[in-house]
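Here is how the chains run, residue by residue.
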Amino acid sequence: MEKVNDSQNNKQTKDNLPNVLVIGPPINITVLKPKHPQKYNLSKPWNAYNSPPLDHFMVENKYDPTMFQALICCAYSPINAIVLQFIPCLKLVVTSSTGTDHIDLSVCKCRGIQVANIGSLYSEDVADMAVALLIDVQIKISAADRFVRTTMRFDFPYCSNSKLGGKRVGIVGLGNVGMQVAKRLEAFGCIILYLSRKKKPFVTYTFYSNMLELAATSDALILCCPLNEQTRHMVNKEVMLALGNKGVIVNVARGPLINEDELVNCLIEGQIGGAGLDVFENEPNVPQQLLAMDNVVLSPHNAAFTTETYMATTQLVEHNLEAFFSNKPLITPIKLD
Ligand SMILES: O=CC(=O)O
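What you see is a predicted model, and the numbers here were worked out from it, not measured in a lab.

Parameters at a glance
- Residues numbered from 1 in each chain as written.
- Predicted model: local features only at pLDDT ≥ 70, side-chain atom pairs only at ≥ 80, totals over all residues.
- Heavy atoms only, no water.
- Pairing = 2+ DSSP bridges.
- Helix = DSSP H or I, 4+ residues; strand = E, 2+ residues; numbered from the N terminus.
- Axes fitted to C-alpha atoms, helices over the stretch in contact; angles between N-to-C directions.
- Contact = heavy atoms within 4.5 Å.
- Domains from an automatic or database assignment.
- Buried area = accessible area lost by both parts, 1.4 Å probe.
- Salt bridge = Lys/Arg side-chain N within 4 Å of Asp/Glu carboxyl O.
- Core = buried A, V, L, I, M, F, W, Y, C linked by side-chain atoms within 4.5 Å.
- Buried < 20%, exposed > 50% of the residue type's maximum accessible area, 1.4 Å probe, protein only.
- Near = heavy atom within 4 Å.
- Polar contact = N/O pair within 3.5 Å; in protein donor to acceptor, adjacent residues only side chain to side chain.
- Areas by Shrake-Rupley, 256 points an atom, 1.4 Å probe, with all protein chains shown as cover.
- Nonpolar A, V, L, I, M, F, W, Y, C, P; charged D, E, K, R; others polar.
- UniProt positions renumbered as here; feature names shortened; annotations may be inferred.
- 1 Å grid on protein atoms, 1.4 Å probe; cavity = no way out; pocket = protein on both sides within 12 Å on 5 of 7 lines; lining within 4 Å.
- Points joined across faces, edges and corners; volume = space filled by probe spheres on them.

1. Description of the sheet that holds strand 11 (residues 274-277)
Move 1: Strand order across the open sheet formed by seven strands is 8-7-6-9-10-11-12, with parallel pairing between neighbours. The open sheet has two free edges, formed respectively by strand 8 (206-208) and strand 12 (296-298), since each of these has just one partner strand. Shown here is a sheet whose adjacent strand axes are inclined to one another by a mean of 15°, direction ignored.
Move 2: In terms of strand pairing, strand 6 (residues 168-172) meets strand 9 (residues 220-223) through four bridges, oriented parallel. Bridged to glycine 170 within strand 9 is leucine 221.
Move 3: Running over the sheet, helix 5 (residues 123-139) touches strand 6, strand 9, strand 10 (248-251), strand 11 and strand 12 and is turned about 150° from strand 10.

2. Concerning the domain arrangement of the chain
Move 1: If you check the domain split of the chain, you get domain 1 (6-121 + 307-325) and domain 2 (123-298).
Move 2: Here the C-alpha centre of domain 2 lies 33 Å away from the C-alpha centre of domain 1.
Move 3: On the domain 2 side, the residues contacting the seven residues of domain 1 number six residues.
Move 4: At the boundary of domain 1 with domain 2, total buried surface from both sides reaches about 530 Å², with 35% on carbon and sulfur atoms.
Move 5: Of all residues in domain 1, Asp101, Ser120 and Thr309 bury the most surface against domain 2, accounting for 64% of the area lost on that side.
Move 6: On inspection of domain 1 and its partner domain 2, the count reaches one salt bridge.
Move 7: A salt bridge links arginine 254 to aspartate 101; its shortest N-O distance comes to 2.9 Å.

3. Concerning the nonpolar core
Move 1: Judged by nonpolar contacts, the single largest core of 48 residues is most densely connected at Leu134, Ile171, Val181, Leu185, Ile222 and Leu321.
Move 2: Ranked by residues supplied to this core, first place goes to helix 5 with nine residues.
Move 3: Per-domain counts for this core show at least three residues from each of domain 1 (6-121 + 307-325) and domain 2 (123-298).
Move 4: Among residues more than four places away in sequence, those in contact with isoleucine 171 are Gly178, Val181, Ala182, Ile192, Leu193, Tyr194, Leu195, Ile222 and Cys224.
Move 5: Among the nonpolar cores identified, the runner-up in size contains 31 residues, and Leu221, Ile249, Cys266 and Val296 belong to it.

4. Points about the site of the ligand
Move 1: Taken together, the neighbourhood of the ligand is formed by Ala75, Ser97, Thr98, Gly99, Tyr122, Arg254 and His301.
Move 2: Separating an oxygen atom of the ligand from a backbone N or O atom of threonine 98 is a distance of 2.6 Å.
Move 3: In the complex, 84% of the free accessible area of the ligand, which totals 190 Å², lies under the protein chains.
Move 4: Residue classes in the shell around the ligand are distributed as two nonpolar, four polar and one charged.

5. Focus on the pairing of strand 3 (residues 70-73)
Move 1: Neither face of strand 3 is open: one carries Ala70 and Ile72, the other Leu71 and Cys73, and all of them are buried.
Move 2: Across three bridges, strand 1 (residues 19-22) lies against strand 3 in parallel orientation. Bridge pairing in strand 3 links valine 20 to alanine 70.
Move 3: Here strand 3 runs beside strand 4 (residues 92-95); their pairing, made up of four bridges, is parallel. Bridging across to strand 4, isoleucine 72 finds its partner in valine 94.

6. With respect to the UniProt feature "domain: D-isomer specific 2-hydroxyacid dehydrogenase NAD-binding" (unreviewed entry) in the chain
Move 1: Mapped onto this structure's residue numbering, the UniProt feature "domain: D-isomer specific 2-hydroxyacid dehydrogenase NAD-binding" (unreviewed entry) falls at residues 132-303.
Move 2: Helix makes up 31% of residues 132-303 and strand 16%, and the two end C-alpha atoms of the span are 10 Å apart.

7. With respect to the layout of surface pockets
One simple way to see leftover space: roll a probe sized like a water molecule over the atoms.
Move 1: Reported here for the second largest pocket is a volume of approximately 590 Å³.
Move 2: Around the second largest pocket, the lining is made up of 22 residues, and of these Tyr49, Ala75, Tyr76, Glu283 and His301 lie nearest the centre.
Move 3: Residues of the lining of the second largest pocket, tallied by class, amount to eleven nonpolar, six polar and five charged.
Move 4: Two domains each provide a minimum of three residues to the lining of the second largest pocket, namely domain 1 (6-121 + 307-325) and domain 2 (123-298).

8. Some points on the side chain of serine 77
Move 1: The residue serine 77 is located in the loop between strand 3 and helix 3 (81-85) in this model.
Move 2: From its side chain, serine 77 meets the backbone oxygen of cysteine 74 in a polar contact 2.9 Å long.

Below you can see the structure in the form of C-alpha coordinates.
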(Lines give C-alpha, C1' and ligand atoms only; values in the text may rest on other atoms or scores of the structure.)
Protein backbone atom coordinates (compact mmCIF):
# COMPACT_ATOMS: atom_id res chain seq x y z
CA MET A 1 0.00 0.00 0.00
CA GLU A 2 1.94 2.96 -1.25
CA LYS A 3 0.69 6.44 -0.50
CA VAL A 4 1.03 8.90 -3.38
CA ASN A 5 -0.64 12.16 -2.51
CA ASP A 6 -0.49 13.95 0.79
CA SER A 7 -2.39 17.00 -0.26
CA GLN A 8 -5.95 15.68 -0.38
CA ASN A 9 -8.03 15.04 2.65
CA ASN A 10 -9.26 11.70 1.36
CA LYS A 11 -5.89 10.12 0.85
CA GLN A 12 -5.73 7.23 -1.50
CA THR A 13 -3.06 4.91 -2.80
CA LYS A 14 -1.65 4.84 -6.28
CA ASP A 15 -4.42 2.61 -7.58
CA ASN A 16 -6.83 5.21 -6.20
CA LEU A 17 -8.53 2.99 -3.65
CA PRO A 18 -9.38 4.19 -0.15
CA ASN A 19 -7.16 2.81 2.62
CA VAL A 20 -8.81 0.91 5.42
CA LEU A 21 -6.97 0.02 8.59
CA VAL A 22 -7.74 -3.54 9.65
CA ILE A 23 -7.66 -4.23 13.35
CA GLY A 24 -7.55 -7.92 14.34
CA PRO A 25 -7.78 -10.56 15.78
CA PRO A 26 -7.91 -12.66 12.63
CA ILE A 27 -11.67 -13.27 12.49
CA ASN A 28 -12.00 -9.83 11.05
CA ILE A 29 -9.49 -10.42 8.35
CA THR A 30 -10.78 -13.81 7.29
CA VAL A 31 -14.26 -12.34 7.06
CA LEU A 32 -13.31 -9.33 5.03
CA LYS A 33 -10.12 -9.73 3.12
CA PRO A 34 -10.96 -12.19 0.37
CA LYS A 35 -14.21 -10.54 -0.62
CA HIS A 36 -13.53 -7.34 -2.49
CA PRO A 37 -9.84 -6.64 -2.47
CA GLN A 38 -10.38 -4.37 -5.47
CA LYS A 39 -12.54 -1.83 -3.60
CA TYR A 40 -10.19 -0.93 -0.75
CA ASN A 41 -6.61 -1.17 0.21
CA LEU A 42 -6.89 -3.15 3.40
CA SER A 43 -3.87 -2.70 5.66
CA LYS A 44 -1.99 -5.54 7.19
CA PRO A 45 -3.94 -6.49 10.29
CA TRP A 46 -2.90 -4.86 13.53
CA ASN A 47 -3.71 -7.03 16.52
CA ALA A 48 -3.97 -5.27 19.87
CA TYR A 49 -2.88 -8.41 21.73
CA ASN A 50 0.23 -9.48 19.87
CA SER A 51 1.34 -6.74 17.47
CA PRO A 52 3.71 -3.93 18.48
CA PRO A 53 1.98 -0.69 19.58
CA LEU A 54 0.03 0.87 16.73
CA ASP A 55 2.48 3.74 16.14
CA HIS A 56 5.38 1.26 15.85
CA PHE A 57 3.29 -0.94 13.57
CA MET A 58 2.68 2.04 11.26
CA VAL A 59 6.40 2.79 11.07
CA GLU A 60 7.36 -0.87 10.54
CA ASN A 61 4.92 -1.16 7.65
CA LYS A 62 5.73 2.28 6.20
CA TYR A 63 2.14 3.45 6.69
CA ASP A 64 1.56 7.17 7.01
CA PRO A 65 -1.02 7.30 9.86
CA THR A 66 -2.87 10.09 8.02
CA MET A 67 -3.70 7.76 5.14
CA PHE A 68 -6.45 5.98 7.09
CA GLN A 69 -9.90 7.52 7.17
CA ALA A 70 -11.63 4.28 8.07
CA LEU A 71 -10.93 1.23 10.20
CA ILE A 72 -12.64 -2.10 10.66
CA CYS A 73 -12.50 -3.99 13.93
CA CYS A 74 -14.36 -6.65 15.89
CA ALA A 75 -15.62 -7.10 19.44
CA TYR A 76 -12.23 -8.19 20.74
CA SER A 77 -10.26 -5.17 19.47
CA PRO A 78 -10.00 -2.29 21.96
CA ILE A 79 -10.46 0.96 20.05
CA ASN A 80 -9.54 3.13 22.98
CA ALA A 81 -8.21 6.68 23.25
CA ILE A 82 -4.59 5.51 22.83
CA VAL A 83 -5.32 3.61 19.63
CA LEU A 84 -7.42 6.47 18.27
CA GLN A 85 -4.69 9.04 18.86
CA PHE A 86 -2.43 7.23 16.37
CA ILE A 87 -4.97 7.56 13.55
CA PRO A 88 -5.34 11.34 13.29
CA CYS A 89 -7.51 11.49 10.14
CA LEU A 90 -9.89 8.72 11.16
CA LYS A 91 -13.52 9.44 10.29
CA LEU A 92 -15.12 5.98 10.46
CA VAL A 93 -14.99 2.94 12.74
CA VAL A 94 -16.89 -0.15 11.55
CA THR A 95 -17.11 -2.98 14.04
CA SER A 96 -18.25 -6.44 13.01
CA SER A 97 -20.01 -6.79 16.38
CA THR A 98 -23.25 -5.68 17.97
CA GLY A 99 -21.56 -4.48 21.15
CA THR A 100 -19.57 -1.26 21.07
CA ASP A 101 -18.16 -1.42 24.60
CA HIS A 102 -14.65 -1.90 23.12
CA ILE A 103 -14.81 1.50 21.38
CA ASP A 104 -14.26 4.82 23.14
CA LEU A 105 -17.42 6.44 21.82
CA SER A 106 -16.84 9.73 23.63
CA VAL A 107 -13.51 10.22 21.83
CA CYS A 108 -15.25 9.31 18.55
CA LYS A 109 -17.94 11.88 19.23
CA CYS A 110 -15.43 14.61 20.09
CA ARG A 111 -13.43 13.92 16.95
CA GLY A 112 -16.46 13.58 14.65
CA ILE A 113 -15.68 9.92 13.93
CA GLN A 114 -18.74 7.99 12.76
CA VAL A 115 -19.28 4.50 14.17
CA ALA A 116 -21.20 1.60 12.64
CA ASN A 117 -21.89 -1.81 14.15
CA ILE A 118 -23.63 -4.88 12.82
CA GLY A 119 -27.12 -3.86 13.94
CA SER A 120 -29.29 -6.80 14.95
CA LEU A 121 -27.70 -9.23 12.50
CA TYR A 122 -26.56 -11.64 15.22
CA SER A 123 -29.69 -11.65 17.35
CA GLU A 124 -31.13 -14.98 16.22
CA ASP A 125 -27.80 -16.83 16.41
CA VAL A 126 -27.03 -15.43 19.84
CA ALA A 127 -30.53 -16.34 21.03
CA ASP A 128 -30.03 -19.88 19.69
CA MET A 129 -26.79 -20.10 21.66
CA ALA A 130 -28.45 -18.81 24.84
CA VAL A 131 -31.17 -21.44 24.63
CA ALA A 132 -28.67 -24.15 23.69
CA LEU A 133 -26.50 -23.29 26.72
CA LEU A 134 -29.52 -23.32 29.02
CA ILE A 135 -30.70 -26.69 27.70
CA ASP A 136 -27.18 -28.09 27.91
CA VAL A 137 -26.79 -27.04 31.55
CA GLN A 138 -30.28 -28.33 32.42
CA ILE A 139 -30.09 -31.70 30.66
CA LYS A 140 -26.30 -32.10 30.63
CA ILE A 141 -25.70 -32.93 26.97
CA SER A 142 -22.01 -31.97 27.05
CA ALA A 143 -21.40 -33.73 30.36
CA ALA A 144 -23.15 -36.89 29.14
CA ASP A 145 -21.20 -36.76 25.89
CA ARG A 146 -17.92 -36.61 27.83
CA PHE A 147 -19.13 -39.49 30.02
CA VAL A 148 -19.94 -41.76 27.08
CA ARG A 149 -16.71 -40.93 25.24
CA THR A 150 -14.49 -41.50 28.24
CA THR A 151 -16.21 -44.51 29.89
CA MET A 152 -18.19 -46.21 27.12
CA ARG A 153 -20.82 -46.79 29.81
CA PHE A 154 -24.49 -45.80 30.15
CA ASP A 155 -24.75 -45.33 33.93
CA PHE A 156 -24.51 -41.54 33.79
CA PRO A 157 -25.83 -40.20 37.13
CA TYR A 158 -29.61 -40.71 37.01
CA CYS A 159 -31.97 -37.82 37.62
CA SER A 160 -29.23 -35.24 37.38
CA ASN A 161 -31.15 -33.53 34.56
CA SER A 162 -33.79 -30.88 35.03
CA LYS A 163 -36.86 -30.15 32.88
CA LEU A 164 -36.92 -26.92 30.89
CA GLY A 165 -40.71 -26.61 30.53
CA GLY A 166 -42.33 -24.63 33.35
CA LYS A 167 -39.11 -22.93 34.42
CA ARG A 168 -39.22 -19.22 35.19
CA VAL A 169 -36.57 -17.59 33.03
CA GLY A 170 -35.45 -14.05 33.82
CA ILE A 171 -34.14 -12.33 30.71
CA VAL A 172 -31.85 -9.43 31.51
CA GLY A 173 -32.21 -6.94 28.66
CA LEU A 174 -35.24 -7.36 26.41
CA GLY A 175 -33.69 -5.94 23.24
CA ASN A 176 -33.32 -7.80 19.94
CA VAL A 177 -31.50 -10.78 21.45
CA GLY A 178 -33.65 -10.88 24.58
CA MET A 179 -36.84 -10.91 22.49
CA GLN A 180 -35.58 -13.79 20.36
CA VAL A 181 -34.64 -15.73 23.51
CA ALA A 182 -38.11 -15.10 24.98
CA LYS A 183 -39.82 -16.26 21.78
CA ARG A 184 -37.83 -19.50 21.74
CA LEU A 185 -38.28 -20.27 25.44
CA GLU A 186 -42.01 -19.61 25.31
CA ALA A 187 -42.20 -22.46 22.82
CA PHE A 188 -40.50 -24.69 25.40
CA GLY A 189 -43.19 -23.84 27.95
CA CYS A 190 -41.04 -21.49 30.06
CA ILE A 191 -42.48 -18.53 31.95
CA ILE A 192 -40.74 -15.37 30.82
CA LEU A 193 -39.77 -12.56 33.17
CA TYR A 194 -37.54 -9.68 32.18
CA LEU A 195 -35.45 -6.86 33.54
CA SER A 196 -35.00 -3.65 31.61
CA ARG A 197 -34.77 0.07 32.26
CA LYS A 198 -38.38 0.58 31.22
CA LYS A 199 -41.43 -1.65 30.98
CA LYS A 200 -42.00 -2.70 27.37
CA PRO A 201 -45.55 -1.89 26.33
CA PHE A 202 -45.60 -4.50 23.54
CA VAL A 203 -45.05 -7.65 25.66
CA THR A 204 -47.05 -9.41 28.36
CA TYR A 205 -44.01 -10.90 30.14
CA THR A 206 -43.59 -9.85 33.77
CA PHE A 207 -41.41 -6.78 34.13
CA TYR A 208 -38.80 -6.24 36.86
CA SER A 209 -36.73 -3.14 37.44
CA ASN A 210 -34.68 -4.71 40.22
CA MET A 211 -32.07 -7.37 39.60
CA LEU A 212 -32.33 -8.97 43.05
CA GLU A 213 -36.08 -9.33 42.77
CA LEU A 214 -35.77 -10.84 39.29
CA ALA A 215 -33.14 -13.32 40.52
CA ALA A 216 -35.22 -14.30 43.56
CA THR A 217 -38.20 -15.10 41.31
CA SER A 218 -36.31 -16.88 38.50
CA ASP A 219 -35.05 -20.43 37.98
CA ALA A 220 -32.60 -19.19 35.38
CA LEU A 221 -31.16 -15.84 34.34
CA ILE A 222 -30.11 -15.13 30.76
CA LEU A 223 -27.93 -12.08 30.26
CA CYS A 224 -28.59 -10.29 26.97
CA CYS A 225 -27.86 -6.64 27.79
CA PRO A 226 -25.00 -4.31 26.78
CA LEU A 227 -21.99 -3.79 29.03
CA ASN A 228 -21.61 -0.29 30.45
CA GLU A 229 -20.82 1.32 33.79
CA GLN A 230 -24.35 0.61 35.07
CA THR A 231 -24.35 -3.06 34.09
CA ARG A 232 -20.75 -4.05 34.98
CA HIS A 233 -20.87 -6.76 37.70
CA MET A 234 -24.66 -6.52 37.88
CA VAL A 235 -24.61 -10.23 38.68
CA ASN A 236 -22.72 -10.47 41.97
CA LYS A 237 -22.78 -12.84 44.93
CA GLU A 238 -25.94 -11.29 46.34
CA VAL A 239 -27.79 -11.83 43.07
CA MET A 240 -26.53 -15.41 42.84
CA LEU A 241 -27.63 -16.17 46.39
CA ALA A 242 -31.06 -14.79 45.51
CA LEU A 243 -31.18 -17.03 42.43
CA GLY A 244 -30.48 -20.01 44.66
CA ASN A 245 -28.73 -23.35 44.54
CA LYS A 246 -30.79 -24.74 41.68
CA GLY A 247 -30.58 -21.54 39.64
CA VAL A 248 -28.73 -21.36 36.34
CA ILE A 249 -26.99 -18.35 34.77
CA VAL A 250 -26.46 -18.05 31.03
CA ASN A 251 -24.31 -15.26 29.63
CA VAL A 252 -24.24 -14.55 25.88
CA ALA A 253 -23.59 -10.81 26.25
CA ARG A 254 -20.33 -9.67 27.88
CA GLY A 255 -18.22 -11.37 30.55
CA PRO A 256 -17.90 -8.39 32.92
CA LEU A 257 -21.68 -8.35 33.47
CA ILE A 258 -20.90 -11.06 36.03
CA ASN A 259 -18.42 -10.79 38.86
CA GLU A 260 -16.53 -13.87 37.67
CA ASP A 261 -14.61 -14.52 40.90
CA GLU A 262 -17.89 -14.55 42.81
CA LEU A 263 -19.47 -16.79 40.16
CA VAL A 264 -16.63 -19.31 40.51
CA ASN A 265 -16.97 -19.27 44.30
CA CYS A 266 -20.76 -19.66 44.19
CA LEU A 267 -20.34 -22.65 41.86
CA ILE A 268 -17.66 -24.22 44.07
CA GLU A 269 -19.87 -23.73 47.14
CA GLY A 270 -22.97 -25.10 45.36
CA GLN A 271 -24.74 -21.78 45.90
CA ILE A 272 -26.01 -21.76 42.32
CA GLY A 273 -26.97 -24.73 40.16
CA GLY A 274 -24.93 -24.14 37.03
CA ALA A 275 -23.82 -21.77 34.29
CA GLY A 276 -23.68 -21.61 30.51
CA LEU A 277 -21.07 -19.12 29.39
CA ASP A 278 -20.20 -17.88 25.91
CA VAL A 279 -18.31 -14.86 27.29
CA PHE A 280 -15.80 -14.30 30.08
CA GLU A 281 -14.47 -11.45 32.12
CA ASN A 282 -10.88 -11.60 30.82
CA GLU A 283 -11.11 -13.25 27.43
CA PRO A 284 -9.48 -15.40 26.24
CA ASN A 285 -8.84 -16.54 29.83
CA VAL A 286 -11.32 -18.97 31.32
CA PRO A 287 -11.09 -19.63 35.08
CA GLN A 288 -9.41 -23.02 35.59
CA GLN A 289 -11.90 -24.05 38.28
CA LEU A 290 -14.73 -24.07 35.72
CA LEU A 291 -13.06 -26.66 33.54
CA ALA A 292 -13.82 -29.60 35.79
CA MET A 293 -17.46 -28.69 36.51
CA ASP A 294 -20.14 -30.75 34.79
CA ASN A 295 -22.80 -28.19 35.68
CA VAL A 296 -20.96 -25.56 33.59
CA VAL A 297 -20.98 -25.36 29.79
CA LEU A 298 -18.32 -23.24 28.11
CA SER A 299 -18.20 -21.71 24.65
CA PRO A 300 -15.46 -19.47 23.19
CA HIS A 301 -17.46 -16.27 22.47
CA ASN A 302 -18.68 -17.69 19.19
CA ALA A 303 -22.46 -17.42 19.44
CA ALA A 304 -22.74 -15.39 16.26
CA PHE A 305 -20.34 -17.24 14.05
CA THR A 306 -22.66 -19.37 11.95
CA THR A 307 -21.65 -19.75 8.32
CA GLU A 308 -24.71 -17.88 7.16
CA THR A 309 -24.21 -14.93 9.47
CA TYR A 310 -20.52 -14.74 8.61
CA MET A 311 -21.49 -14.05 4.98
CA ALA A 312 -24.05 -11.43 5.97
CA THR A 313 -21.47 -9.77 8.25
CA THR A 314 -19.06 -9.36 5.36
CA GLN A 315 -21.73 -7.69 3.30
CA LEU A 316 -22.92 -5.36 6.02
CA VAL A 317 -19.40 -4.21 6.90
CA GLU A 318 -18.74 -3.55 3.24
CA HIS A 319 -22.01 -1.71 2.75
CA ASN A 320 -21.12 0.58 5.64
CA LEU A 321 -17.69 1.25 4.10
CA GLU A 322 -19.29 1.89 0.72
CA ALA A 323 -21.83 4.28 2.21
CA PHE A 324 -19.08 6.20 4.01
CA PHE A 325 -16.79 6.49 0.99
CA SER A 326 -19.67 7.70 -1.18
CA ASN A 327 -20.79 10.25 1.42
CA LYS A 328 -24.08 8.48 2.11
CA PRO A 329 -25.62 7.74 5.51
CA LEU A 330 -24.23 4.63 7.20
CA ILE A 331 -26.43 1.53 7.06
CA THR A 332 -26.16 0.63 10.77
CA PRO A 333 -24.87 3.75 12.53
CA ILE A 334 -24.36 4.06 16.27
CA LYS A 335 -25.92 7.17 17.72
CA LEU A 336 -23.22 9.03 19.63
CA ASP A 337 -24.75 10.95 22.49
O1 LIG B 1 -19.82 -10.26 20.84
C2 LIG B 1 -20.31 -10.05 19.79
C3 LIG B 1 -21.05 -8.88 19.44
O4 LIG B 1 -21.06 -7.89 20.18
O5 LIG B 1 -21.64 -8.88 18.37
